[in-house]
Amino acid sequence: MSSAARVELAHVAQPRPAPAGGQALFDAARQAASVAVQHADQVDRDAAFPAQAVEALRAERLLGAMVPASHGGGGATLETIAGICRILGASCSATGMIYAMHQIQVACVVEHGLGSAWHGPFLERIASGQLLLASATSEEAIGGALRTSGCAVNEEGGRFHLLKMAPTISYGAHADGILITARRHADASPADQVLVCAEKSGYTLQNPTGWDTLGMRGTCSNGFRLEATGDPAQVLPVPFGEIADLTMTPVSHILWSALWIGIAGDALQRAKAFFQGQARARPGSLPPSAARVAEAVSLLQMMEGRLDLALARRRQRQADVAGGTSMSAAFTLAAEMNGLKTAVSTMALEVVQQAMLVCGMAGYKHGTPFSLGRHLRDLWSAPLMISNDRILANTASLLLADRS
Ligand SMILES: Cc1cc2nc3c(=O)[nH]c(=O)nc-3n(C[C@H](O)[C@H](O)[C@H](O)COP(=O)(O)OP(=O)(O)OC[C@H]3O[C@@H](n4cnc5c(N)ncnc54)[C@H](O)[C@@H]3O)c2cc1C
C-alpha cells in the first residue's frame, strides 16, 4: 500500500473533535502520525524503534504535552492525550504505545511530584528537553504483579542504589529516564513500594534480552539488568500504592484503550473501504460482508462510549479526592477502570477479526491497501499487557470487599 493511501485511510479514523484547547495538539499529532505511518511497516518488519516518528513527536513538542504550562509544557488534559494516542495508534501502533507509556509516567510525576523540590525541575526538563520516559514495573520472578517488588532502594552516604532484573522495559535503550518500582528499603515488605525517577546519567542497562515478538515489535521492549544510583530525593514523595491507584492504573487503562481503539478504527476503516468497493462493483445489492461491517462499527462505538465514560469517571474521582471520597467509591472506580482495560483489549481484537473476514485474502496478505496482519498481531499484546486474567482476579477481589 502506498504511504499516501495509508495516510488518507489513517486520517479517516480520527477521534471526535478535540476537547477545548486541544485542537493545536491534535493538529501536531496528525503531523507526527503522517511521519509514523510512512515507517510503520519497516518498524514492524525489523522490530526497529520508530526513531523518525519519535523525532516528529519531539519536533511537535508533544512529549511535554501533559506537563503543566507553569512548568513549560502544553498543559493538556487526559482527554486530549487520549485523543493523541488514538491518532498515533491508527498510523503506527508502536509509536502510539510508546507515546501512551511515556505520558503515563509523566502523569505520575505531575500528579504526585509537582510540589517536590526534585520533581518540579524534572518536569521542566521533560518539557524543555522533550525527554522520553520509560517504565520498569515488571520484574523477573514477579511478572506483571504491579503491586509487588523484589528489588529495593538501598540508601547509603546520601545516595540510593537500586538493582532490578527487568524482563521488559519498552524502548528502554532509547529513553532519557525510567520510572522504577522497588521496595522502600531492604527490609520492607514486597507491597511497601516506592516509585523512583531515574535519569539516563544515573543508570545502566545491561545484558539485554531479545525482542522478537508477534506484535508491538517497534516498542523494542527488551529485558535488562537495570542498575540505578542517585539522590534519594528522586523517589516520589507518595507511597507507590497511592500512585498506582490514583494515577498509574487508571491512566494506563485509559491511554492504552485509546490507542487500541485507534488501531481497531484503522482496521475498520480498511474494511469499510473494501466493503464500499464491493458495493460499487455490484450496484443494487449489499455485499455479503455487510452485517460484519455493521457489527464492527457497533463494537467500535461501544469501546468509544466506554472510554468516554472512563474519562468522565476519572475527572469526577479527581474532584472527589480533593473533597474526600468514600472507600466504596474508590473500589467502584477501580473495578470500572479494570473493566475498561479487559473489555477494550478484547473488543478491539474482535473488530480486527471482523475486518479480516470482511477483507478476506486482501486483508490476510501483506502489502495491500487492506492488509490487517499488523493490526491483529499488535492488538494481541492488549490482553497480555498486565494479563486480563490477573486484572479480572483483582476486580473479583474488589467486588468481594465492596459493601455498597
Ligand atoms: C508490548 C508490551 C510492552 C510492555 N512494556 C513494559 C514496560 O515498559 N515495562 C514493564 O515493566 N513491563 C512491560 N510489559 C510487561 C507487562 O507490563 C506485564 O508485566 C507482562 O505483560 C506480564 O507478563 P507475563 O504474561 O509473562 O506474566 P504474568 O502477569 O505473571 O502472567 C503470566 C500468566 O499467568 C497468569 N496469571 C498470573 N498471575 C495471575 C493472577 N493473579 N490471576 C490470574 N492469572 C494469573 C496469566 O493468565 C498469564 O497467562 C510490557 C508487555 C508488553 C506485551
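So, here is what we can say about the structure in this document. Computed from a predicted structure; not experimentally measured. (Residues numbered from 1 in each chain as written. Predicted model: local features only at pLDDT ≥ 70, side-chain atom pairs only at ≥ 80, totals over all residues. Heavy atoms only, no water.)

As for the sheet that holds strand β4 (residues 177–183)
Part 1 of the reasoning: The strand order β1-β4-β5 describes an open sheet built from three strands, whose pairing is mixed. The open sheet is flanked by β1 (133–136) and β5 (193–199), the only strands paired with a single partner. Mean inter-strand twist for the sheet, computed between neighbouring axes without regard to direction, equals 25°.
Part 2 of the reasoning: Bridge analysis of β1 against β4 gives four bridges, and the strand direction is parallel. If you follow L133 over to β4, its bridge partner there is G177.
Part 3 of the reasoning: Packed on one face of the sheet, helix α5 (residues 93–113) meets β1, β4 and β5 and runs near 85° to β1.
Part 4 of the reasoning: Helix α6 (residues 119–129) rests against β1 and β5 of the sheet, and its axis sits at about 45° to β5. (Pairing = 2+ DSSP bridges. Helix = DSSP H or I, 4+ residues; strand = E, 2+ residues; numbered from the N terminus. Axes fitted to C-alpha atoms, helices over the stretch in contact; angles between N-to-C directions. Contact = heavy atoms within 4.5 Å.)

Things to note about the packing of aromatic side chains
Part 1 of the reasoning: Counted by the stated rule, this structure contains three aromatic pairs.
Part 2 of the reasoning: Between W118 and F122, the aromatic rings sit 5.0 Å apart at their centres with planes inclined by 35°, giving tilted as the arrangement. As far as burial versus exposure is concerned, W118 and F122 are alike and both buried.
Part 3 of the reasoning: Both rings, one in W256 and one in W260, keep their centres 6.1 Å apart while their planes meet at 40°; by these two values the pair is tilted. A residue pair is termed a helical-turn pair when its members lie 3 or 4 positions apart in one helix, as W256 and W260 do in helix α7 (residues 240–281) at four residues.
Part 4 of the reasoning: Looking at W256, the relative accessible area reads 8%, which means it is buried.
Part 5 of the reasoning: The exposure class assigned to W260 is buried, which follows from its relative accessible area of 0%.
Part 6 of the reasoning: The ring of W118 has R125 sitting right over it, with the charged end atom 5.5 Å from the ring centre. (Phe/Tyr/Trp six-rings, centres within 6.5 Å; stacked < 30°, edge-to-face > 60°. Buried < 20%, exposed > 50% of the residue type's maximum accessible area, 1.4 Å probe, protein only. Lys NZ or Arg CZ within 6 Å of the ring centre and 35° of its normal.)

Regarding the packing of helix α2 (residues 23–46) against helix α3 (residues 51–59)
Part 1 of the reasoning: Where α2 meets α3, the closest approach of the two axes is 8 Å, and the angle between their N-to-C directions is 175°. Here α2 lies roughly antiparallel to α3, going by the angle between them. In this structure, α2 contributes A32, V35, A36 and H39 to the contact, and α3 contributes Q52, A53, A56 and L57.
Part 2 of the reasoning: Its residues placed into classes, the contact of α2 with α3 shows six nonpolar, two polar and no charged. (Parallel < 35°, antiparallel > 145°, perpendicular 65-115°, else oblique. Nonpolar A, V, L, I, M, F, W, Y, C, P; charged D, E, K, R; others polar.)

Examining the nonpolar core
Part 1 of the reasoning: Counting 119 residues, the largest nonpolar core has Y99, I254, L255 and W260 as its most contacted members.
Part 2 of the reasoning: The dominant element in this core, judged by the number of residues it contributes, is α7, at 19 residues.
Part 3 of the reasoning: Residues in contact with Y99, not counting those within four places in the same chain, are L57, L62, L63, A65, I81, I84, C85 and L88.
Part 4 of the reasoning: By size, the runner-up hydrophobic cluster in this structure holds six residues, among which are A40, A53, C92 and A94. (Core = buried A, V, L, I, M, F, W, Y, C linked by side-chain atoms within 4.5 Å.)

Notes on the site of the ligand
Part 1 of the reasoning: The immediate surroundings of the ligand are formed by 19 residues, with S135, S138, S170, L384 and R390 found nearest.
Part 2 of the reasoning: One of the backbone nitrogen or oxygen atoms of L384 is found 2.8 Å away from an oxygen atom of the ligand.
Part 3 of the reasoning: With respect to the ligand, the side chain of R390 contributes an N or O atom lying 2.8 Å from an oxygen atom.
Part 4 of the reasoning: Going through the elements one at a time, β1 and α12 (388–401) are the ones with two or more residues in the shell around the ligand.
Part 5 of the reasoning: Ranked by residues supplied to the shell around the ligand, first place goes to α12 with three residues.
Part 6 of the reasoning: Among the residues making up the shell around the ligand, the classes are represented as eight nonpolar, nine polar and two charged. (Near = heavy atom within 4 Å. Polar contact = N/O pair within 3.5 Å; in protein donor to acceptor, adjacent residues only side chain to side chain.)

Remarks on the packing of α2 against helix α4 (residues 78–89)
Part 1 of the reasoning: In the contact formed by α2 and α4, the axes pass within 9 Å of each other and the chain directions differ by 20°. If you check the angle between α2 and α4, you find them roughly parallel. Viewed along their axes, α2 and α4 form a crossing whose handedness is right-handed. Between α2 and α4, the residues in contact are L25, F26, A29, R30, A32 and A33 and T80, G83, I84, I87 and L88, respectively. (Left-handed = near helix turned anticlockwise from the far one by under 90°.)

Some remarks on unusual backbone geometry
Part 1 of the reasoning: Even without being glycine, A47 reaches a positive phi, approximately 50°.
Part 2 of the reasoning: Along the chain, the position of A47 falls in the loop between α2 and α3.
Part 3 of the reasoning: At M216, a residue that is not glycine, the phi angle is positive and equals roughly 45°.
Part 4 of the reasoning: By the element assignment, M216 lies in the loop between β6 (203–206) and β7 (224–230).
Part 5 of the reasoning: The buried category is assigned to M216, whose relative accessible area is 4%.

A few points about α4
Part 1 of the reasoning: Its twelve residues give α4 an end-to-end C-alpha distance of 16 Å, which sits within 8% of 16 Å, the value for a rise of 1.5 Å per residue.
Part 2 of the reasoning: Burial of α4 is extensive: twelve of the twelve residues sit out of reach of the surface. (Expected span 1.5 Å × (residues − 1).)

A short note on the pattern of salt bridges
Part 1 of the reasoning: Applying the stated criterion to the full structure yields 16 salt bridges.
Part 2 of the reasoning: In this structure, E199 engages R125 in a salt bridge whose closest nitrogen and oxygen atoms are separated by 3.0 Å. Note that E199 is positioned in strand β5 and R125 in helix α6, a separation of 74 residues in sequence.
Part 3 of the reasoning: Connected through shared salt-bridge partners, E55, R58 and D176 make up one network. (Salt bridge = Lys/Arg side-chain N within 4 Å of Asp/Glu carboxyl O.)

Everything listed is a geometric property; what it means functionally is a separate question.
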